[in-house]
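Commentary on secondary and tertiary structure
This is what each chain is made of:
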Amino acid sequence: MAEDSDAEKTESATPRRLEEARRKGQIPRSQELSTFTVLLAGLVAILVMGPDLMDVFRQLFISELTFDRAELKNPEVMLTQFIAACGEALKAVLPLFLVCAVVAIITPLAIGGLLLTTETLVPNFARMNPMTGLKRMFSVRSLVEMTKTILKSALIGGVAAAVLWHEKEQFIQLISMPEDVGFHYLWQMIRHTLLLVVGGMMLIPLIDVPYQLWDYYKGLRMTKEEVKREYKEQEGDPQVKGRIRQLQREAARKRMMANIPKADVIVTNPTHYAVALQYTSKMRAPVVVAKGAFLLAERIIEIGQEHKVTVVRTPPFARALYHHAELGEEIPAALYTAAAEVLAYIFQLREFRKHGGLEPKLNDTLPVPVELDPGAPDTTA
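Because the structure is predicted, anything quoted here is derived from the model rather than measured.

So, on to the pattern of salt bridges. Per the counting criterion, the structure on display carries 6 salt bridges. Between Asp-264 and Arg-350 there is a salt bridge, and its shortest N-O distance comes to 3.1 Å. Of this pair, Asp-264 sits in the loop between helix 12 (238-259) and strand 1 (265-268) while Arg-350 sits in helix 15 (residues 336-355), placing them 86 residues apart in sequence. Look at Asp-264 and you get buried, because its relative accessible area is 11%. Exposure remark for Arg-350: the relative accessible area of 35% places this residue in the partly exposed category. For Glu-302, the salt bridge goes to Arg-299, with nearest N and O atoms at 3.2 Å. Separated by 3 residues within a single helix, Glu-302 and Arg-299 lie in helix 13 (residues 295-306), roughly one turn from each other. According to the relative accessible area criterion, Glu-302 is partly exposed, its value standing at 39%.

Together, Leu-90, Leu-94, Phe-97 and Leu-98 make up a nonpolar patch on the protein surface, roughly 400 Å² of accessible area in all. Among the secondary structure elements, Leu-90 is positioned in helix 5 (residues 75-106).

It is worth spelling out helix 13 at this point. Its 12 residues give helix 13 an end-to-end C-alpha distance of 17 Å, which sits within 8% of 16 Å, the value for a rise of 1.5 Å per residue. After helix 13 finishes, the residue Lys-308 shows a positive phi value of roughly 60°.

Between two aromatic rings, the relevant description is the distance of the centres plus the angle of the planes. Tallying each qualifying case throughout the model produces 3 aromatic pairs. Where Tyr-273 meets Tyr-322, the ring centres are 4.6 Å apart and the plane angle is 35°; that geometry is what we call tilted. In this pair, Tyr-273 sits in strand 2 (residues 273-278) while Tyr-322 sits in helix 14 (residues 315-324), placing the two residues 49 residues apart along the sequence. Cation over ring: Lys-291 sits above Tyr-322, and NZ or CZ is 5.3 Å from the ring centre.

Below, the discussion takes up the nonpolar core. Core analysis: the largest hydrophobic core is formed by 24 residues, its most contacted members being Val-265, Val-267, Leu-277, Phe-317, Leu-321, Leu-335 and Val-342. Those elements that provide at least two residues to this core are strand 1, strand 2, helix 14 and helix 15. In this structure Val-342 touches Val-265, Val-267, Phe-317, Leu-362 and Leu-366, once residues within four positions along its chain are discounted. Residues Ile-260, Ala-263, Ile-266 and Ala-276 belong to the second largest nonpolar core, which totals 14 residues.

Pairing in this open sheet of 4 strands is mixed, and the strands run 3-2-1-4 from one edge to the other. Only two strands of the sheet have a single neighbouring strand rather than two, namely strand 3 (287-293) and strand 4 (310-313). Each strand of the sheet is rotated relative to its neighbour by a mean of 20°, with strand direction disregarded. Of the pairings in the sheet, the one linking strand 1 to strand 4 comprises 4 bridges and is parallel in character. Each residue of the ladder has a partner; that of Val-267, found in strand 4, is Val-312. Along the sheet face, helix 13 touches strand 1, strand 2, strand 3 and strand 4 and points at about 130° away from the line of strand 3. Along the sheet, helix 15 contacts strand 1 and strand 4; its crossing angle with strand 4, the most-contacted strand, is approximately 130°.

The buried fraction of strand 2 amounts to 6 of the 6 residues, a majority that puts the element mostly inside the structure. The two faces of strand 2 match: Tyr-273, Val-275 and Leu-277 on one face and Ala-274, Ala-276 and Gln-278 on the other face are all buried. Direction of pairing for strand 1 relative to strand 2: antiparallel, over a ladder of 4 bridges. Note that in strand 2 the partner of Thr-268 across the bridge is Ala-274. Between strand 1 and the antiparallel strand that follows it, strand 2, lie 4 residues. Pairing geometry for strand 2 and strand 3, over 6 bridges, is antiparallel. Each residue of the ladder has a partner; that of Leu-277, found in strand 3, is Val-288.

Rules used throughout
- Residues numbered from 1 in each chain as written.
- Predicted model: local features only at pLDDT ≥ 70, side-chain atom pairs only at ≥ 80, totals over all residues.
- Heavy atoms only, no water.
- Salt bridge = Lys/Arg side-chain N within 4 Å of Asp/Glu carboxyl O.
- Helix = DSSP H or I, 4+ residues; strand = E, 2+ residues; numbered from the N terminus.
- Buried < 20%, exposed > 50% of the residue type's maximum accessible area, 1.4 Å probe, protein only.
- Patch = residues over 30% accessible without salt bridge, like charges linked within 9 Å, V, L, I, M, F, W, Y side chains within 5 Å.
- Areas by Shrake-Rupley, 256 points an atom, 1.4 Å probe, with all protein chains shown as cover.
- Expected span 1.5 Å × (residues − 1).
- Phe/Tyr/Trp six-rings, centres within 6.5 Å; stacked < 30°, edge-to-face > 60°.
- Lys NZ or Arg CZ within 6 Å of the ring centre and 35° of its normal.
- Core = buried A, V, L, I, M, F, W, Y, C linked by side-chain atoms within 4.5 Å.
- Contact = heavy atoms within 4.5 Å.
- Pairing = 2+ DSSP bridges.
- Axes fitted to C-alpha atoms, helices over the stretch in contact; angles between N-to-C directions.

Structure below.
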């Protein structure tokens, strides 16, 4: 039962899956939205430019139906006149075509955005499989598309038929009307029909857009196993990641051990913790170059002794440094005073070893704040 549920595509598509689909040219699109917006743009353009268009066509209609007796005997003159009239008509409707073309290009960007890909140009012979084609023909998508086509045809045809039926008497009378009245009435009829058709078409994209988005994301759903596999591919196998972290720790430890000879002093607990400090005149405060606990602390001390780095037993200071100072960074400001006393002791000890004299001694009670020393006795009781 668990295997069956895992095999079902119940999980939403991951960002990676969506990006792969987009790279392959698979994005949500609504042809109905594009059709409606083009019709709407055309309607608005016609309402704005309609009177001027009708005036141009009226003039062309009059000029083309006015014949000279000599022209009737010369077909070439009639052909030339007809071509010129077609050019004038095309020039008049060109702005309308341009508006519709711009809207047709921009509208698809509203769903799915801009997409430039060459994946769809690659031949896919799987699409030539007859069985795959038959499945598409009888799929739910094909049924939906057929239903939309029938609804659109019924809607447009029904609206046009209703308008013509309602205005049939006036439409027949157009032949006998004066040209000014006839063209004015024809313009009113066209405008009324377009308003009804475009208004009725609005319902189709309102239904189609949510359906296309739902169908697109439904088609990209993943099984739980696919989500797990993708997560592993992105994040990496836990065992491999663990091995990488182990190697990184080992590399960091080697770098840390290599920095111990540069230290000025190693403070210890004496065996639980060991922290190596380095300080130069260019530094604002001492820097931790190595730190460790137990076996690692012992190793730090051994390397320090091999390279003649002074080891100082200061349990509170060592505990505070180990727990509150980060490797490769300056020590906390609250430990500056204690560090200054330790470094002063180290520098005095070097002078003693070179020139002799009175051997320096380190203060047994360094000024380490109690809140920084996890091993300090509890005095609140």
